[in-house]
Amino acid sequence: MPISSFRRICTVAACAALAAGCSTLPPPATEGPGKFADAHFHIANYAYQGASLKQLLRDYMKDDMVRSTVMPLPLQQKWDGFEQYAGDKVAPTYYLGPKAELYYYAFADAMYAKEYLTLTPAEQGRLDLMITGFNPMDRYAAQHIKRALLTFPGAFTGIGEFTVHKELVSRKIAGDPISYTAVGGRQPPDTTEKDGKLSLYSPALVDILKTVAETGLVATLHNDIYPADVTYDGTVEALRPQNNYEAGLTQLCVQAPGASVIWAHTGLGRFVKPTRDHLQMVSRVLDACPGWSVDISWDIVQERFIKPEPGMPSTDEWAQFVTRYQDRVLWGSDTVIYSRNVVDAKGVPVSMGKRMTFDQYMAVPKITSPLFEKVGPQISQKVRVGNYVKLFDGAKKKVRAWEAAHAADDVWDLSAR
Ligand SMILES: [Zn+2]
């Protein structure tokens, strides 16, 4: 349209609407081998250093990362006044290193929701905000999730990443050991977790996933496939693949069948490496839990798809798995956009944390290229972008409908039995 005719039809009211829409570029195309949607992205670290949503869109997503989740890490590393971590020369910004506990930091939900609601519809359409500031072992967590939706309607699409079993993280979490409070003790296979404060058998998790089913949210759950006993400084005491969590996961999903859950990293992590039968276990969980998907995120996990060590599934086996579950696998980076302070073994600072560069962030999608080449362009497109768009757009619609239906609910009087 020539500018003169644009001016002619631009009344004062229409101008305001057009100006809002015209101030941002249209969303980038989602098709093509270089396009990704990040189903697992941490916008803030364990000390709530991170990036704003504007910075995420402008400095990191640009045209290639067409969509992204927004998951501030749910846990704050306590900066203990007595610990003298690293000789008090540098603050702890990561869970490995300091002895002090981790605790749930709910303010992050408000920080990102507030900014999200100021973005243009085009910008909002590219981001999926996740509620993270709840304790998954607390039956009041479901109330927090509903309060977040009712306080910031229009803001959230999901919850998580939240963690049940994760090597050192579970051990460092603030709270009561289950053996201290539980009537009748703990249930297998969780009986073996050292200092256990978290369990897949907690009724709080069922409440949370039922709330996910009711509201339409997507939940991203981290649960290692087997226990790893790790001390605060990263020393591995024991890996116990024989005590895997397959039964714990499947009993959870059948109690909340309508919940849409993404099981992060297929249960793998820094210390929890894939066993020979890893993909068979993951397949059994997916077969028992039709509402569940998995993400193939985290660079150190992805490296093991491409360069497996002896006794791990081969790249071909990963390709067969992705092909079989092609509608239920999502790519993610698991990047924490603000790096941590690094100290050497004597506690001397080596480097200070800062925001990553665009090139550092975009190095992660390249890792999985050999896997995507094996599965071919159609399946690759689904895993990189298509499954994300389907899952999160579907969730967004359902959550907005739940919020509309509950707009009159009293946020100060939510029922908790
Ligand atoms: Zn993560």
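Before reading further, recall that the structure is shown in the block above.
The sections below set out a description of the structure shown in this document. (Residues numbered from 1 in each chain as written. Predicted model: local features only at pLDDT ≥ 70, side-chain atom pairs only at ≥ 80, totals over all residues. Heavy atoms only, no water.)

### Here's the deal with empty space enclosed by the protein
Here is step 1 of the chain: If you walk through the whole model with that rule in mind, you get 1 cavity of 30 Å³ or more.
Here is step 2 of the chain: The computed volume of the largest cavity comes to approximately 60 Å³.
Here is step 3 of the chain: A breakdown of the residues in the lining of the largest cavity according to their chemical character gives 5 nonpolar, 1 polar and 2 charged. (1 Å grid on protein atoms, 1.4 Å probe; cavity = no way out; pocket = protein on both sides within 12 Å on 5 of 7 lines; lining within 4 Å. Points joined across faces, edges and corners; volume = space filled by probe spheres on them. Nonpolar A, V, L, I, M, F, W, Y, C, P; charged D, E, K, R; others polar.)

### Focus: the pattern of salt bridges
Here is step 1 of the chain: The final tally for this structure, using the stated rule, is 17 salt bridges.
Here is step 2 of the chain: Measuring nitrogen to oxygen at the nearest pair gives 3.0 Å for the salt bridge that ties Lys 374 to Asp 316. In this pair, Lys 374 sits in helix H15 (residues 369–375) while Asp 316 sits in helix H13 (residues 315–324), placing the two residues 58 residues apart along the sequence.
Here is step 3 of the chain: What makes Lys 374 partly exposed here is its relative accessible area of 45%.
Here is step 4 of the chain: Residue classification places Asp 316 among the partly exposed residues on the basis of a relative accessible area of 44%. (Salt bridge = Lys/Arg side-chain N within 4 Å of Asp/Glu carboxyl O. Helix = DSSP H or I, 4+ residues; strand = E, 2+ residues; numbered from the N terminus. Buried < 20%, exposed > 50% of the residue type's maximum accessible area, 1.4 Å probe, protein only.)

### Some thoughts on the coordination of the zinc ion
Here is step 1 of the chain: His 40 (NE2), His 42 (NE2), Glu 161 (OE) and Asp 334 (OD) make up the full set of protein donors to the zinc ion, lying at 2.1 to 2.3 Å.
Here is step 2 of the chain: Taken together, the 4 donor atoms coordinating the zinc ion span angles of 81 to 164 degrees at the metal, a pattern that classifies the geometry as irregular. (Donors = N, O, S within 2.8 Å, 3.2 Å for Na, K, Ca; no water. Tetrahedral: all angles 85-135°; square planar, octahedral: opposite > 155°, others 65-115°.)

### What about the sheet that holds strand E11 (residues 260–263)?
Here is step 1 of the chain: Sheet architecture is open: 8 strands sit in the order E1-E3-E6-E7-E8-E11-E12-E13, paired in parallel fashion. A strand with exactly one partner marks an edge of an open sheet, and here the two such strands are strand E1 (36–38) and strand E13 (329–331). Across the sheet, the mean angle separating the axes of adjacent strands is 25 degrees when strand polarity is ignored.
Here is step 2 of the chain: Pairing between E11 and strand E12 (residues 292–296): 3 bridges, direction parallel. For Ile 262, the partnering residue across the bridge sits in E12 and is Ser 293.
Here is step 3 of the chain: Strands E1, strand E3 (65–70) and E13 of the sheet are contacted by helix H14 (residues 358–367), whose axis makes an angle of about 100 degrees with E3.
Here is step 4 of the chain: Helix-sheet contacts for helix H16 (residues 377–405) involve E1, E3, strand E6 (127–131), strand E7 (156–163), strand E8 (218–222), E11, E12 and E13, and the interaxial angle to E13 is about 105 degrees. (Pairing = 2+ DSSP bridges. Axes fitted to C-alpha atoms, helices over the stretch in contact; angles between N-to-C directions. Contact = heavy atoms within 4.5 Å.)

### Re the packing of helix H10 (residues 246–255) against helix H11 (residues 278–288)
Here is step 1 of the chain: At a minimum axis distance of 9 Å, the contact between H10 and H11 shows a crossing angle of 15 degrees. Between H10 and H11, the interaxial angle falls into the category roughly parallel. Judged by the sense of rotation from one axis to the other, the crossing of H10 with H11 is right-handed. Only Met 281, Arg 284, Val 285 and Ala 288 of H11 make contact with H10, whose side of the interface consists of Glu 246, Leu 249, Thr 250, Cys 253 and Val 254.
Here is step 2 of the chain: In terms of residue class, the contact of H10 with H11 is made up of 6 nonpolar, 1 polar and 2 charged. (Parallel < 35°, antiparallel > 145°, perpendicular 65-115°, else oblique. Left-handed = near helix turned anticlockwise from the far one by under 90°.)

### A look at the pairing of E12
Here is step 1 of the chain: Of all 5 residues making up E12, 5 are buried, and the element is well covered by its neighbours.
Here is step 2 of the chain: Side-chain alternation along E12 places Trp 292, Val 294 and Ile 296 on one buried face and Ser 293 and Asp 295 on a second face that is also buried.
Here is step 3 of the chain: After leaving E11, the chain enters H11 and then returns to the sheet as E12, a path that is right-handed.
Here is step 4 of the chain: Sheet analysis places E12 next to E13, joined by 3 bridges and oriented parallel. Bridge pairing in E13 places Val 294 opposite Val 329. (Right-handed = clockwise from strand over helix to strand, strands pointing away.)

### Focus on the side chain of Asn 223
Here is step 1 of the chain: Note on placement: Asn 223 falls in the loop between E8 and strand E9 (228–230).
Here is step 2 of the chain: The exposure class of Asn 223 is buried, given its relative accessible area of 0%.

### As for the nonpolar core
Here is step 1 of the chain: The biggest cluster of nonpolar side chains holds 102 residues, and the ones touching the most others in it are Ile 159, Trp 292 and Phe 321.
Here is step 2 of the chain: Filtering out sequence-adjacent residues up to four positions away, Phe 321 remains in contact with Leu 279, Val 282, Ser 283, Leu 286, Val 294 and Val 329.
Here is step 3 of the chain: Core analysis: the next-biggest nonpolar cluster, separate from the first, contains 10 residues, Ala 39, Met 130, Val 218 and Phe 392 among them. (Core = buried A, V, L, I, M, F, W, Y, C linked by side-chain atoms within 4.5 Å.)

### What about the packing of aromatic side chains?
Here is step 1 of the chain: The final tally for this structure, using the stated rule, is 14 aromatic pairs.
Here is step 2 of the chain: Relative to Trp 318, the ring of Phe 305 has its centre 4.1 Å away and its plane inclined at 40 degrees; by these criteria the two rings are tilted. You can see Phe 305 sitting in helix H12 (residues 299–306) and its partner Trp 318 sitting in helix H13, a full 13 residues away along the chain. For the pair Phe 305 and Trp 318, a shared accessibility class is recorded, and that class is buried.
Here is step 3 of the chain: With 4.4 Å between their ring centres and 25 degrees between their planes, Tyr 388 and Phe 392 make a pair best called stacked. One end of the pair is Tyr 388 and the other is Phe 392, both in helix H16 and 4 residues apart, which spans about a single turn.
Here is step 4 of the chain: Look at Tyr 388 and you get buried, because its relative accessible area is 1%.
Here is step 5 of the chain: By way of ring pairs, the aromatic residues Phe 305, Trp 318, Phe 321 and Tyr 325 are connected into one cluster.
Here is step 6 of the chain: Here the basic side chain of Arg 384 rests over the ring of Phe 36, its NZ or CZ set 5.7 Å away from the ring centre.
Here is step 7 of the chain: The side chain of Arg 384 reaches across the aromatic face of Phe 372, ending 6.0 Å from its centre. (Phe/Tyr/Trp six-rings, centres within 6.5 Å; stacked < 30°, edge-to-face > 60°. Lys NZ or Arg CZ within 6 Å of the ring centre and 35° of its normal.)

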